Amino acid sequence: MLDQCSVQCNCAMEELVPEVEQKYATFSHFGQGGNLFRTKRRSSIAPLPALRLNDKEMMSNDFDTHSVLSNQASLTSVNSLASLLKEKMQNVPAIIRKKKRETKDYKLRVFVGMLFLIIVFLVGYAYVMYNQKLLAKSYFESIKFHKKTRNFRLLDGKGAELLTGVLGTSLNIEQPYNCLPKDLKDDGSVCYEWNSKARLYMNVAKSPGSPDIKCYSFHWESLLADLYPTDCFDVSEERGFWYGGGLTKGIEYILGKAAIPAGPFVTGDINMHQWGNALKRYFLNSRGVAIQVDEKTPLYVSVNTDSGRRLCLQGRNDKFAFVNRQTQFSELKYTVCSGPDMKTLHNGLMQKSLWDGLTERDNDVIKSLLREPVWQIPASKQEDLTETAIYNYTESIIALGYLRLGHVLVNEFWQRTIGDFRLDTDRFPTLDKRVNILHRRGFRVSFMIQPFISTESSNFREAVAKKLLIYERESERSIPALTRYKSTTSAGVLDVTNNASIPWLAEQLKKISETVEIDSYFVDFGTAFNIPRYYQCSQTLGNPDEYKNYFMERFEGTLSIFGVSSAVSVPRPPAFLSLPPVNSSWSGLQSIIPTMLSYGIIGFPFLMPGPVGGDFVLPTQQLKKMYSYYSFDLPPLPDKELYIRWLQLATFLPVLRFTHLPSEYGDDTVTAIAKELADVRQRVLPLLERFSSIAMDEGLPIIRPLWMLDSTDVNCFSIDDEFSIGDGMIVAPVLQRGETVREVYLPQGVWKDGIDESLRKGSRWIHNYHVPQNKVAYFIKMPDNTRF
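In short, a report on the structure. Computed from a predicted model, the values in this text were never measured in an experiment. (Residues numbered from 1 in each chain as written. Predicted model: local features only at pLDDT ≥ 70, side-chain atom pairs only at ≥ 80, totals over all residues. Heavy atoms only, no water.)

A look at the environment of P544
Next, step 1: Following the sequence through the fold, P544 ends up in the loop between β27 (535–536) and α11 (546–554).
Next, step 2: Distance in space between the C-alpha atoms of P544 and F322 is 8.1 Å, their sequence separation being 222 residues.
Next, step 3: Sequence-distant contacts of P544, that is, excluding residues within four places in its chain, are made with V266, F320, A321, A528, I531 and Y535. (Helix = DSSP H or I, 4+ residues; strand = E, 2+ residues; numbered from the N terminus. Contact = heavy atoms within 4.5 Å.)

What about the packing of aromatic side chains?
Next, step 1: As enumerated under the stated definition, the model contains 30 aromatic pairs in all.
Next, step 2: The rings of Y139, F140, F145, Y192 and Y216 are connected pair by pair, giving a single aromatic cluster.
Next, step 3: If you follow K781 out to its NZ or CZ, it ends over the ring of W751, 5.4 Å from the centre. (Phe/Tyr/Trp six-rings, centres within 6.5 Å; stacked < 30°, edge-to-face > 60°. Lys NZ or Arg CZ within 6 Å of the ring centre and 35° of its normal.)

Re the pattern of salt bridges
Next, step 1: Tallying each qualifying case throughout the model produces 27 salt bridges.
Next, step 2: We note a salt bridge from R239 to E161, for which the minimum N-O separation is 2.9 Å. One end of the pair, R239, is in the loop between β11 (230–234) and β12 (242–248); the other, E161, is in strand β6 (residues 161–166), and 78 residues separate them in sequence.
Next, step 3: A relative accessible area of 26% places E161 in the partly exposed class.
Next, step 4: When the shortest N-O distance is used, the salt bridge between R742 and E722 registers 3.7 Å. Residue R742 is found in strand β35 (residues 741–746), and its partner E722 is found in the loop between β32 (703–704) and β33 (723–725); the two are separated by 20 residues along the sequence.
Next, step 5: Under the relative-accessibility criterion, R742 is labelled buried at 10%. (Salt bridge = Lys/Arg side-chain N within 4 Å of Asp/Glu carboxyl O. Buried < 20%, exposed > 50% of the residue type's maximum accessible area, 1.4 Å probe, protein only.)

What to know about the pairing of strand β34 (residues 729–732)
In regular strands, side chains alternate between the two faces of the sheet.
Next, step 1: Burial along β34 is two-sided: M729 and V731 and I730 and A732, pointing in opposite directions, are all buried.
Next, step 2: Two strands pair when backbone bridges link them, and β33 and β34 are joined in this way by 3 bridges, in the antiparallel orientation. Each bridged residue has a counterpart across the sheet, and for S724 the counterpart in β34 is I730.
Next, step 3: Taken together, β33 and the strand that follows it, β34, pair antiparallel across an intervening segment of 3 residues, in which G726 is found at a positive phi of about 55°.
Next, step 4: With 4 bridges joining them, β34 and strand β39 (residues 777–781) adopt antiparallel strand pairing. Following the sheet pairing, M729 is matched in β39 by I780. (Pairing = 2+ DSSP bridges.)

Concerning the sheet that holds β39
Next, step 1: Pairing within the open sheet is antiparallel, and its 6 strands lie in the order β32-β33-β34-β39-β36-β37. Since the sheet does not close on itself, it has two edges, and those belong to β32 and β37 (759–761), each with one partner.
Next, step 2: Direction of pairing for strand β36 (residues 750–753) relative to β37: antiparallel, over a ladder of 3 bridges. Looking across to β37, one finds that K752 is bridged to L759.
Next, step 3: This element, helix α15 (residues 668–698), spans β32, β33, β34 and β39 of the sheet and lies at about 80° to β33. (Axes fitted to C-alpha atoms, helices over the stretch in contact; angles between N-to-C directions.)

Examining the packing of helix α6 (residues 360–371) against α15
Next, step 1: Closest axis-to-axis distance for the α6/α15 pair is 9 Å, and the angle between their directions is 145°. α15 is crossed by α6, and the crossing has right-handed handedness. Here I366, L370 and R371 of α6 lie close against α15, whose contacting residues are R681, L685, L688, E689, S692 and M696.
Next, step 2: By residue class, the composition of the contact of α6 with α15 is 5 nonpolar, 1 polar and 3 charged. (Left-handed = near helix turned anticlockwise from the far one by under 90°. Nonpolar A, V, L, I, M, F, W, Y, C, P; charged D, E, K, R; others polar.)

Points about the nonpolar core
Next, step 1: Ranked by size, the top nonpolar core spans 172 residues in total, and within it F447, F652, F658, W707, F723 and I725 carry the most contacts.
Next, step 2: Considering every element that reaches this core, the biggest residue donor is α15, with 13 residues.
Next, step 3: Counting 39 residues, the second largest nonpolar core, distinct from the first, contains L200, L279, I291 and V293. (Core = buried A, V, L, I, M, F, W, Y, C linked by side-chain atoms within 4.5 Å.)

What follows is the structure in structure tokens.
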């Protein structure tokens, strides 16, 4: 009965639900229209706030009406309660979602604000750069120059920066003006003037034969006495590696690594001056850019002395190096060239064809210097150099038996006093007979001469009377200007610009040849600082280094010169440029390769290193100040290991030069190593001769940096303890005390190991390469089609 009743009740309820839903709809309809069924009590209830149900907002009135209808209908079923509870529960996540959306809206506003600021910044930056670009006018397709800031950029064909810098750094920031018509040049130069202070001319310059090389000239004219035009260029490593100029005091192969204070660009003694015994106004960058400064510019050079890493060129007249002004005010004139790569550019700018005027005898001297050693008679003092000393030394050379006989070099002590130009008969009573014997045995005899005449020489009075010497400035040639030269504390200097001095010196040397048959001469010029400070010549010199050029030109064809101590231009072959004197130490040994590479890059292909073991030894007590005129003692017998490593390096250099002989050690190990190296030298000679001919044709050095083999390999740019002979052999000697291993880098190609004759691939480092004391690392270039 109960079950039947339950079923009936349920059925009744199912019939009632649709009816109730219909009444709901009816009440809702009328409620929305005019609130017909609202009671007085219900109308006083405050409206509920708006609610959001299932992301659909319901207004408070709608919700309130729904509540009224629910109350009036008196529906208290379980379904109604559950429905109401469900609605309330849905309100909770809706409120939480609302808070999250408010947080998201806040972040969005911050992001939009930051984006707006970034856009404003970019627009402003673009505006500034656009104006800068408009002001940085383009010249000659490759140069960008901002007239107001004087920022300079050299671009390649693709618009990439090759060289950057600031021109005219000594000027205040002022707006320049176009030059007046009367100041313009008729060569098409662009000209600007800075308010009667300086003028700048820019133009396309004549390029070498290669169409890939482009050059541009820059010429500053100062209009004030105390204004020195200065241009500075970025030499940081991001801008590539810089080479050239010459040997610096710190033996820097790469410019930009050390600070070089501003000073005159003239030769000096690196023991006390900033630059060495040979210079060229030529600077080369690994990106394929070169700077060549005009010879008439009174050039000062500095590196890294101002803010940033910069190479600065300055035109500056002074009271010594550039006292003889070529113009009223200082000028700076140079050329900037660019090429597809460093090697192509460098090859195009080098001096070509050194064969002009070369005789068969000159060519024979070149070959003899490559094939035969130079034997420098050891003599630190005048009393050490005697006829007997020469005889004993040459006898020891012959006794070696495994080295060729060559050039016997006698230093300036063959005279009683510097400048006598006559044999000291007390020490050389029968030198003529001795020299004849040396010639018969196969030696060549060379004397060292110099343009200095000691005040104690018998020739000094005659030279003063005939006005053959450089004289004091403003003295009307009546007072000779004095200087110091090696051990001579007071000496005059022969004025080679005086036409009368050349025949006089030639006559003096001719008298020697009539007595003793001299094969050739080595000329010791000293450096620019050996010229008297207040010098004046018959013809005005632009700077003291021009003296060397005058000497070589005036005596061309008169004297057979096989070596010079200093140079600023390539000496006429067969003259080799000697490296500066080197201290007998491991640091001295380590300086040889950077010096050879530096001098080769600036255009001196024929180089003569000093003797094996070093040129001098410093005093036990370090000097407070170094003087270039000091004549240091020759080194005693060097440490055996140092001598062996030095000899290993010298075996591969163009000229093999000795003072101390291997036999002096009385050691079988040293003798065995020296004999083996003599055999290696014979295998090296064909390469030296081959690339000496190429040097005569193209001006390229015999001893080359590795980047000349591959100028695209960045690993080759900074290596200064290896070198190549032409492009046929790489040499990597040991330069550290006690070392038997070293790192070796081989450029691209296939290389044959000189120690074990194995083949090695290039473009890679060989780590911990074993080099015992009796070996030297060298690698021979194999044909490109060589296969393992």
